[in-house]
Amino acid sequence: FIACEVQHHATTMITTAPFAFEVLSYCFMAIFLIEVALRMSHDCRDFFLQSEHLAWNYFDLFLVSFSVLEKIMNHSAGNLGTNVAYVRIIRMARMLRLLRLVR
């Protein structure tokens, strides 16, 4: 998904994302947020302290937290008229999440 969005921005040179990309971004964020919430509720204390995949748990929580933070900042920046493009750099870390699937 991110590769398609980057390709679109590179070919059109438009800084704002089309509505379809925004909707998909919210859908993916919601799916990953639900996934982390379910894993946290299932593992309870083990999610943070004794899990076999402790580093991946923290990494997933970090990425989902920044994704939610990015959406909040985008909404507040839209109302205030400021630019929060620097937060999009964090989105590139989401691609590292694919390492978990490869592993």
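Residues numbered from 1 in each chain as written. Predicted model: local features only at pLDDT ≥ 70, side-chain atom pairs only at ≥ 80, totals over all residues. Heavy atoms only, no water.

A few words now on the overall build of the chain. Helix and strand content of the chain: five helices and zero strands. The order of helices and strands in the chain, counted from the N terminus, is α-α-α-α-α. Within the chain, contacts between residues at least 6 apart in sequence are counted, and of these 56% link residues at least 24 apart. Surface accessibility of the chain: about 7,200 Å² in total, with carbon and sulfur atoms responsible for 73%. (Helix = DSSP H or I, 4+ residues; strand = E, 2+ residues; numbered from the N terminus. Contact = heavy atoms within 4.5 Å. Areas by Shrake-Rupley, 256 points an atom, 1.4 Å probe, with all protein chains shown as cover.)

With that settled, consider the packing of aromatic side chains. By the definition in use, this model includes four aromatic pairs. When the ring of Phe47 is compared with that of Phe48, the centres are 5.0 Å apart and the planes differ by 80°; the resulting orientation is edge-to-face. The buried category is assigned to Phe47, whose relative accessible area is 0%. Between Trp56 and Phe59 the ring centres are 5.9 Å apart and the planes differ by 80°, which places this aromatic pair in the edge-to-face class. Taken as a pair, Trp56 and Phe59 lie in helix 3 (residues 54-80) at a separation of three residues, close to a single helical turn. Put simply, the rings of Phe47, Phe48 and Tyr58 touch in pairs and so form one group of aromatic residues. (Phe/Tyr/Trp six-rings, centres within 6.5 Å; stacked < 30°, edge-to-face > 60°. Buried < 20%, exposed > 50% of the residue type's maximum accessible area, 1.4 Å probe, protein only.)

It helps to recall that an α-helix has 3.6 residues per turn; residues three or four apart then point in one direction. Helix length check: helix 2 (residues 19-43) (25 residues) gives 36 Å between terminal C-alpha atoms against 36 Å at 1.5 Å per residue, within 8%. If you check which residues of helix 2 are buried, you get Phe21, Ser25, Met29, Val36 and Arg39. Count one or two residues on from helix 2 and you reach Cys44, which has phi positive near 50°. (Expected span 1.5 Å × (residues − 1).)

As a further point, take the pattern of salt bridges. As enumerated under the stated definition, the model contains two salt bridges in all. Of the charged contacts, one joins Arg39 and Glu35 as a salt bridge, the two residues approaching to 3.0 Å between their closest N and O atoms. Within this pair, Arg39 and its partner Glu35 are both found in helix 2, separated by four residues, close to a single helical turn. Residue Glu35 is classed as partly exposed on the basis of its relative accessible area, which comes to 29%. (Salt bridge = Lys/Arg side-chain N within 4 Å of Asp/Glu carboxyl O.)

Before going further, it helps to spend a moment on unusual backbone geometry. With a phi close to 50°, Cys44 is a non-glycine residue in the positive phi region. Residue position: Cys44 is located in the loop between helix 2 and helix 3.

With that settled, consider the confidence of the model for the chain. Chain-level statistics for the chain give a pLDDT mean of 77 and a share of 71% at 70 or above. Of all helices and strands in the chain, the one with the weakest mean pLDDT is helix 4 (residues 88-91) (59), whereas helix 2 scores best (90). (pLDDT = per-residue confidence, 0-100.)

On the surface, Leu24, Phe28 and Ile31 cluster together into a nonpolar patch covering about 260 Å² of accessible area. With a relative accessible area of 52%, Ile31 lands in the exposed category. (Patch = residues over 30% accessible without salt bridge, like charges linked within 9 Å, V, L, I, M, F, W, Y side chains within 5 Å.)

Within the secondary structure, Phe47 sits in the loop between helix 2 and helix 3. Taking C-alpha positions, Phe47 is 8.6 Å from Tyr58, a pair spaced 11 residues apart along the chain. Sequence-distant contacts of Phe47, defined by excluding residues within four places in its chain, comprise Val36, Arg39, Met40, Leu54 and Asn57.

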